[in-house]
Each structure stands twice: as structure tokens, then as C-alpha cells.
Amino acid sequence: MKGMKKLMIVVSLLLVPGFVFAQGTISGTVTDAQSGDGLPGANIVLVGTTYGAAADANGEYTIDGVPVGSYELKVTFIGYKIASQNVSVSAGGTATANFALEQIALLTEGVMISASRARERETPVAFTNVKKEVLEANLGSRDLPLALDVTPSVYATAQGGGAGDARINVRGFNQRNVAIMINGVPVNDMENGWVYWSNWDGLGDATESIQVQRGLSAVNLATPSIGGTMNIITDPTALDQSAKYKQEYGTGTFVKGTATFASGQVNDTYAFNGTLVRKFGDGVVDKAWTDAWAYYAGATYNINDNNRLELYAVGAPQRHGQNLYKQNIAAYSHDFAKGLDDYDPAGLDKFAEQGREYNQNWGPVSSSYKGMQNWNSGNFNRYDANFINERENFFHKPQVNLNWFSKLSDDLGLYSIFYYSGGKGGGTGTYGRIKWDYSNGTSRTADWDATIANNLSTGNGSSRGILRNSRNNQWTLGVISKLNYKLNENTQVIAGIDWRTAEIEHYREVRDLLGGGYYVYSGNDFDVTDADKRKGLGERIAYNNTNTVDWLGGYVQAEYTQNLYTLYGTAGYTAVKYSFTDHFTSVGGNELFTESNWIKAFQAKGGAMYRINEDIEAYGNFGLVEKTPIFDNVINDRDGTRSENPDNEKFASYEAGLNFRALSNKLTLKSSLYYTTWKDRANRRQVRNEDGSESLIFLTGMNSLHQGIEFEAAYQPMKMFRFDGAASVGNWIYTDDVDGSYTEYTDAGPVETPYKYYVKDLKVGDAPQTQVALAFSVYPMKGMNARVVVKNYMENYADWDPFSRNDVTDRAQSWKAPSYNVIDFHAYYNLPTKFSGVGVRLFAHVFNVLDTEYIQDANDNSRYNAFKDNGKTHSADDAEVFFGLLRTFNVGVNLNF
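Since the model is a prediction, treat every value here as computed from it, not as a measurement. Residues take numbers from 1 onward in each chain, read along the sequence in its written order. This being a predicted model, a pLDDT of at least 70 is required before a residue's local features are given, and a value of 80 or more before pairs of side-chain atoms are given or counted; all residues contribute to the totals for chains, interfaces and linings. Note: side-chain values were computed over all heavy atoms of the structure, leaving out hydrogens and water.

With that settled, the discussion passes to the overall build of the protein. Labels follow the DSSP assignment, with helices taken as runs of H or I lasting at least four residues and strands as runs of E lasting at least two, numbered in each case from the N terminus. In terms of helices and strands, the protein carries seven helices and 57 strands. Here the protein has a C-alpha radius of gyration of 30 Å; the compact-globule value for 897 residues is 29 Å, and the two agree. Its C-alpha atoms give the protein principal-axis dimensions of about 115 × 70 × 60 Å. The buried label goes to any residue with under 20% of its type's maximum accessible area, the exposed label to any with over 50%, and the partly exposed label to all in between, with areas taken from a 1.4 Å probe on protein chains only. Buried positions account for 55% of the 897 residues belonging to the protein. Contacts are assigned to residue pairs with any non-hydrogen atoms lying within 4.5 Å of each other. Partitioning the contacts of the protein with sequence separation of at least 6, the portion at a separation of at least 24 is 68%. For the purpose of counting charges, residues Lys and Arg are taken to be positive, whereas Asp and Glu are taken to be negative. His and the chain ends are not included. Note that the charge is assigned to NZ on lysines, CZ on arginines, CG on aspartates and CD on glutamates. For the protein, the distance from the average site of its 81 positive side-chain charges to the average site of its 100 negative ones is 5 Å. Restricting the calculation to C-alpha atoms gives the radius of gyration, and the globule rule supplies 2.2 Å times the number of residues raised to the power 0.38.

This part is about the sheet that holds strand β32 (residues 462–463). Spatially, β32-β35-β36 is the arrangement adopted by the three strands of the open sheet, whose pairing is mixed. Only two strands of the sheet have a single neighbouring strand rather than two, namely β32 and β36 (534–535). By the bridge criterion, two bridges tie strand β35 (residues 518–520) to β36 in an arrangement that is antiparallel. Counterpart to Y519 in the pairing with β36 is K535. Here, strands pair whenever DSSP counts at least two bridges between them.

In this section: the nonpolar core. Here, nonpolar core means buried Ala, Val, Leu, Ile, Met, Phe, Trp, Tyr and Cys residues that are tied together by side-chain atoms lying within 4.5 Å of each other. Of all hydrophobic cores here, the largest spans 26 residues; its most connected members are L144, L148, I180, W197, I210, M230 and I232. Listing elements by their share of this core, those giving two or more residues are β11 (167–170), β13 (178–182), β15 (207–214), β16 (228–234) and β21 (307–315). The biggest single contributor to this core is β13, with three residues. For M230, the contacting residues outside a window of four places in its chain are L144, P145, L148, I168, A179, I180, M181, W197, I210, Q211 and V212. L39, A53, V66 and Y71 belong to the second-largest nonpolar core, a separate cluster that totals 23 residues.

Moving on, we get to the confidence of the model for the protein. If pLDDT is low for a region, its predicted coordinates should not be looked at in detail. Across the protein, the average pLDDT comes to 90, with 94% of residues at 70 or higher. Taken element by element, the predicted model of the protein shows its lowest mean pLDDT in helix α1 (residues 2–21) (44) and its highest in strand β26 (residues 387–389) (98). Confidence over residues 4–21 falls short of pLDDT 50; this stretch has two contacts with residues more than four positions distant or in other chains. Predictor confidence is given residue by residue as pLDDT, running from a minimum of 0 to a maximum of 100. For residues 105–113, every residue scores under 50 in pLDDT, and the model assigns this stretch 28 contacts once sequence neighbours within four places are set aside.

Now for helix α7 (residues 448–456). Looking only at α7, the buried set comprises W448, T451, I452, N454 and N455. Buried residues of α7 fall within an arc of 160 degrees about the axis and therefore sit on the same side. Looking at the buried side of α7, the elements it contacts are β23 (362–364), β26, β29 (412–432), β31 (445–446), β32 and β33 (465–486). By definition, the arc is the one covered by directions from the helix axis to the C-beta atoms.

Right, let's talk about a negative patch on the surface for a bit. Together, D632, D637, D639 and E694 make up a region of like negative charge exposed at the surface. Among the secondary structure elements, D632 is positioned in the loop between β41 (616–627) and β42 (649–662). Patches in this entry comprise residues that are over 30% relatively accessible and not in a salt bridge; like charges within 9 Å are linked, as are nonpolar side chains (Val, Leu, Ile, Met, Phe, Trp, Tyr) within 5 Å. Working definition of accessibility: Shrake-Rupley area with a 1.4 Å probe, residue cover restricted to the visible protein chains. By convention in these notes, a salt bridge is any Lys or Arg side-chain nitrogen within 4 Å of a carboxyl oxygen on Asp or Glu.

With that out of the way, let us pick up the sheet that holds β13. Strand order across the open sheet formed by five strands is β9-β15-β16-β13-β14, with mixed pairing between neighbours. What marks the edges here is a single partner per strand, and that holds for β9 (127–131) and β14 (185–186).

Summarising the sheet, strand β44 (residues 684–688) and strand β45 (residues 694–698) pair through five bridges and their orientation is antiparallel. Paired with R688 across the strands is E694, a residue of β45. Linking β44 back to β45 in an antiparallel pair, the connection comprises five residues, with G692 at a positive phi of about 95 degrees.

Tallying each qualifying case throughout the model produces 39 salt bridges. Between D724 and R722 there is a salt bridge, with its nearest N and O atoms 2.9 Å apart. Judged by relative accessible area, which is 25%, R722 ranks as partly exposed. Across the salt bridge formed by E795 and K816, the nearest N and O atoms sit 3.2 Å from each other. On the criterion of sequence distance, the pair formed by E795 in strand β51 (residues 784–797) and K816 in strand β52 (residues 816–817) is long-range, its members being 21 residues apart. Look at E795 and you get partly exposed, because its relative accessible area is 28%. A cluster of three or more residues bridged by salt bridges with shared partners is formed by R171, R214, E655, E710 and E712.

Here A54 lies in strand β3 (residues 52–54). Judged by relative accessible area, which is 47%, A54 ranks as partly exposed. Those residues in contact with A54 that lie beyond four places of it in its chain are A42, N43, I44, E60 and Y61.

A separate point is the side chain of T491. Relative to the helices and strands, T491 resides in strand β34 (residues 491–512). Filtering out sequence-adjacent residues up to four positions away, T491 remains in contact with Y485, K486, E559 and Y560.

Now for unusual backbone geometry. Its identity as a non-glycine residue notwithstanding, S217 has a phi of 70 degrees, on the positive side. The buried category is assigned to S217, whose relative accessible area is 4%. Look at L514: it is not a glycine, yet its phi comes out positive at around 50 degrees. Among the secondary structure elements, L514 is positioned in the loop between β34 and β35.

Structurally, I210 can be placed in strand β15. Look at I210 and you get buried, because its relative accessible area is 0%. Excluding residues within four positions of it along the chain, I210 makes contact with R117, T128, N129, V130, L135, L144, L148, M230, N231 and I232.

Taken together, the seven bridges between strand β17 (residues 242–250) and strand β57 (residues 888–896) define a ladder with antiparallel strand orientation. From the neighbouring strand, Q247 faces β57, where its bridge partner is V893. Summarising the sheet, strand β54 (residues 839–847) and β57 pair through nine bridges and their orientation is antiparallel. Pairing of L842 across the sheet is with V893, part of β57.

Pairs were defined over the aromatic rings of Phe, Tyr and Trp, the Trp ring being its six-membered one, requiring ring centres within 6.5 Å. Orientation was assigned from the angle between planes: stacked under 30 degrees, edge-to-face over 60, tilted for the rest. One pass over the structure, following the stated rule, counts 24 aromatic pairs. Three or more aromatic residues joined by ring pairs make a cluster, and in this case those are Y155, Y793, Y820 and Y854. We count a charge as sitting over a ring when the NZ of a lysine or the CZ of an arginine lies within 6 Å of the ring centre and within 35 degrees of the ring normal. Here the basic side chain of K670 rests over the ring of F127, its NZ or CZ set 4.8 Å away from the ring centre.

Looking now at the environment of S242. You can see S242 is positioned in strand β17. In sequence terms S242 and F261 are 19 residues apart; their C-alpha atoms lie 5.8 Å from each other. The residues contacting S242, other than those within four sequence positions of it, are T260, F261, A262 and F897.

Below you can see the structure in the form of C-alpha cells.
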């Protein structure tokens, strides 16, 4: 018996090497057939087996431990045709299978077409793609614009550090002139063009890619894409079933969990995917806490070979403490202020140092105060019993898209998006007589305990000062439809419409009575229809308006492509109409109502790309765009006065670029030149007409020029190392002094009133005009990546109002913030062994590694925090600023089921 056991052991030992070496490896790359770029995240599977892999950040993949034999290897990636190869695996050998995927045209490209994405080697515009793999490796749960730190001419900051309070500037244009789109649908505010990133908190976890097209862009919708377009594409439905869970921790007791699932394709017809996010934390900046959810859901239904439906829903119900007020430099750091040549040392005595975490927008309160707070139509306990935020944001803005892609024939396709966006929420502030605390020696903060005591002392139950909500409830309906006709192998024509309508409620309501039982407005009657002026929690005060926005646009675009060159041209037309209803003002027994005329605008743009050879292409584009004025420049929401003939702002843009690849696509270089003029920047003035009525007029003549040069580079000499770089040098200036006049009527008759603004050759503020970013990535072993990003910003002129420069002796530039460098570090490691079939990734981010003190946002000549405050010094001691955040970290684990 013992002999038999020994024999079995010997036989087993002899067989083991056979089993071990009866396996092999398959490896290769997955790239874009046109650009040669790797496609990170592409799925590679051995058909009929459980073996597979996902391409890494360079598009490379490896499948280990494959039994000897012949297989069909299949590759899938959204927006590309499925590809397959037959491979043979030998014992101990490595089979190589490389794939160059072709992009999909017409029907199955789905949302990629509706989103007007630029294409490598075809679209003649300057653009940058940020793919999901890069987002996951670098974002670290910051606001989405902060992932664009290695993109030329793009400047994004966290501003005061509140969750979702970021901003973005492209080529010197703030985000009112940058079109932000999600799956091809514009999300800029319908009234003022701004973008509130807190509405899209958590979107980064469901983003498949971001494309930034700088300049007028090739987007054919009539959107405000003057500085550029930021097009966000969410995760598509996947062919295979999967699930993921990510857990994160960070500075400021930050905790976040993200769950993602995909059903895979069911019966070749249906597919579903979704993401659910929960996050909370105290915040890096003092009392800038966050308490948020986010969700994303997608579904597809292949009706037949020629029709496909896609449904997307995204939203982020959230509330967060804000830090909205910039401070004098000395309030953050005396040492930093001392190091500036133009900071008056006497200012150090006026502003006590509070540190970079300082936030003016909160104050302590006794926990014995049990007053309720009203928000979103309910009464709740305040966020924390020991303090109250003067400034808090709460909002939920879901967006739902239904996309229908129909292939009417081999040459004709119809792509339509029906979308709804709702919104409910607002922001807080004080109202009435608040007691203020000046004891910190820097700036006033609300003394809530003193205010509560003052309210309790009235003796009649009323409150003298309260906390209010400024509400902004809204809904938007829209349709975007594109008809794509392929005339021949080289030419296609696209015609489309863009219709939107929105209704927005603006009002203030009582949030917290701060010890009293009701609030009585002591000034002018704020509601002429209500005889009882005593207002309780949730009741409306101050103003109560409903605005509407109607938008209609159309365009025609033609594109011609052959082997050597591509040509395209677009002509578009838009019309917008506003209305205003004041529910608190009675005119002849009816609510005050004002409606504008239709305001029309035109745009035309075109471009060409010439493919010099397989490695070099040159391009150019131009455009003339009229932009309709925002709501506030057409209707005064204080009294309903409107403009009879509002003027459009006018933009002209010219761009040229050269793209170059070398060393078997290991080196990629891109360069671009741009020249953009902005004429007749809006400046309204309310005047009296001859018949005694009031109207708004526009004071024209404010012109600026934005010009510059941009570079991008990517170099990967070996598998273990990659370099990425971006640089831009801009020259953004106001071109002329403004000299004009307008007529208004007084009791004595017409009066000609001159206006002059002295701005010639003054720099445009709000973003650094020179930027350099370098990223160094290493891949020391399979599944491991470490990346260091070094960013340098120069020529950062403080933001300022050109319409304030009406003194001929005041010709100095706005204050220029010091240049600065910031270093970030990112790393992840995919554990080589799965645990019960679960893949594990560990990751870490460190932002501002060296804990550098720097100024990221600045306003010139502060009205509130200046030292001398004479309006002409334009010096450091009269600026108000936000410092960049101190060193922070984000770490976590990602589980792939």
C-alpha cells in the first residue's frame, strides 16, 4: 500500500511540469487605427473561455496562464468596431496579437455622434481627450474640471474649496463662454451661462471620457463655445456583465463609496449599467463640509438593426458648506504677504493671520439653540448643533436623456435627443439685522448667539434678523435632432435643430428664525398682495419671480474628406426670448409681467486639415459668432425694465495648428496658434425714455483680443516610462479705450450723456496667461503606475471690471499674482492575485505634495478687504484672494467583481 502511494506521488510530480508548461501567454496592444493612440480599458477575451484582460493606460494587455491550444481572440471598445484574431498558444510561449480598431460610423456610434466629438487626423480644431483610465488615475474625487491639469490654455481651480464650487477658464474666457456638455446636451445655465459643478458632483465616477475642444470648436450646436467646449461622455452600456466597488478616504475626514454595475448585453437586445455614490466629510477648508449622493443610470435597447434607443439619467442631490468670500493676503499668511514687494507692511496690523483653512462664512452657536431650519419644503435640524453656515448650498438637478438613433438607409441617419432637466434648491445668507463679530481681527463673522438673544428680546415673538434661502427652482425641456446624409464616399451633410424651453423660479424664503417666531419685513412692502407681513419658516420674502427662456436654433454642416485633406463648414442661426413675472408687484390688479422680443444671432465657421503624410497634418479654422445677451442684460429683475434692442456680443476667431508623430508613434507633438476678438462686451444702462417709461440700453465699444500659442507632447520611449507635457503662452488684452454717448430724457428735455472707459492695452484677468504642465509616469511592474504632475502658472492677472476704469489717470495693470508651481502625485497598483475572483486595485493621490503656499484666484482692488482702498493702487495689499488648498490626500481600494 505504501509503495502504491509512493508511485502515485512520483507520477504526480512527473506530471506537474507538464501541466505547468502546458500553458502560455497572449500579449499585445489595442490602438486607434487612425491616431495610433492606445485604447485604455478595451476588453480582450478568449471566446468560449473565462480568460481575458483589459488594456492598460497605454493600450497594452497580457493574458497569462492560457492552456495550450488555438483560440479566437475578440476585442471590444465603445465607439469602435469589434475585432478578432485567431491565435495559437504554445507551452511556455508568448503569442502576440495587436489590434488597430476602426471607429464606428452612423448608427452604432450612438452618443459619440450626437456629442459632436472631434476625430484624430480629421477634425481641424485644437482638442485634447482625457480617457477614463486617466480620469480614474488622476482625479481623486475632486471636481471634474480639475482633471484637465495637463491641457494647454485651460485653468481650473477649486476657488474657496467647497465641494462642487470649482470653475474653469479656457483661453482667457470664463465658463460663461465655455460650452459644457454632457452626452451632447448643453448644461450651461439658461439664464446666465454659468455652470454649477455641485450639480454634477460624482459625475467623474461615471465619465467614460472628456474631450476639450479649444476655441470655437467643431461642435455644430449654437452654444457659447468661444473659449472652448468641454464635452463629457458618460459610461456606455457594456457587452459583458461586471460590478465594481470603490472605497475612498481623504483629508478633512472625507469618506466616499462608489458602486458600479453593468448587466452586459441581454439577448443581444438590452443592456443596463449604473453608478451610485455616497460621500461626506468635514472639508479641507474650515466648515466647508459635504453631504452628497450621486447617481447615474444608462440603458440601451436595440429595436432592430436600424434603430437603437439609449436612456441616460444623472443627478447629485447634495448640500455643502461654502467659502465664498475672498480675503486679504495677510488674512491667510503674514509671511507670504511680507514676501511681496508691493504689499504695504502696515496692512499686517489690519488683518490678523488665520491660516489657509480660514472661512468667513460660518459662526459658532450654542448647542442649546434648537431652532429648526427650512430647506426644500421641509423643516430639519441644522447640519451641526455647534455651528451655523452663513453660506450653504443645497441642490438637486437631475438630467434625463432619451436618445434615438435611426439608420434610415445606408446613407441617411437620424439622431435625436429628448431631454429633461429639473432643479430644486438654492443657497443661504443673512437677512435683516444680524449681530456681527469682528473680534478675529480679519473680517466679520455672524455672531449667532448674539443675534438669537437680540431676537428673543423683542418681546413680541418677532425676529430682527434671520437666515434666508435664495431659491432657484427650475425645469428645462429640449430636443436636439441631427439628420446625417452621406452624399458619397467623401461628402456628408448634417442638418439639425436645437429647441429648449425653461422656467425658473427665483424667490427668498425664511430658513431659520434664529430664536423668534416669525419675521416682519420693515422696509418697502415685499408682497403687495399679502396684508399679513409676518412670515414663518419656508414662507417667501423679499422677491418672488418666475423667469422663462425659450431657445430655438438650427444649423447646416458639410464635411468633405479624401485621402489628403478634410474640409468642413457650418452655418447656424439662433433665437432666444425671455419673460419675467414679479408675483410680489401689482400693476393694475395684475402681476407685473415683462417679455422680450426674440433676439436673433448668427454664426458661421469652417476649417480644413491637410494630411502631409502619415505622421504630419496641418489644419486651420475660422469663425464668426454672435452671442445673444444673458437674461439680466435684457430684463432688469428689480423692476421689469427691458431692453427694446439688445446688442449681441461678437466674436471672430482664427486658428492654425500642426500635429506630428515620430519614432513609430512613440512621440506625439501638437501645436496651435489662435487669434480671437471679442467686440461689444455687454454693458447695460437703465435710462428714462421720452414718454417717461424706463428701458435698458447697451453701451457698446468694449473690445478685447485673446491670442496665443499652445503645445502638447506625449513621449513613451519604453514600456516603463511615459512623458506628457502641455504649455501655452497667451496675450489677452483690451484693445481700445471706449468713447461714446447715449441720450436720456429728464424733465428739462433730452440730455446727451458721454461715457468713457480707459482700458487700452490692459491685460485680461482671471487666469494665468502662461502655463506649463509636465507629467512623468512610470510603470515599474505589471499593474503598477506612478505619476508626478508638475504645474507652473505665470502672468496671472487679478480679475477686474473693465467698466470701472473711468478715470483717465488710472492706466495701471490689475495686480499680478505671483507665479507658482504645484506638484501632485498619483499611484495605483493592481494586485496580481484575485481573491475569490475579485480583482483589487489600491490607489493614492497627494495634491500639492510640497504644501506650497500660492494664490490661485484674485480680484483687483477689493471693495471689502483692501488696505488702502483708493481704487487706483492695483497692489497686493488691496487685492482679495483665494489661496490654493494645502497638502491633501485621497487613498482607497477598487474592487472589480
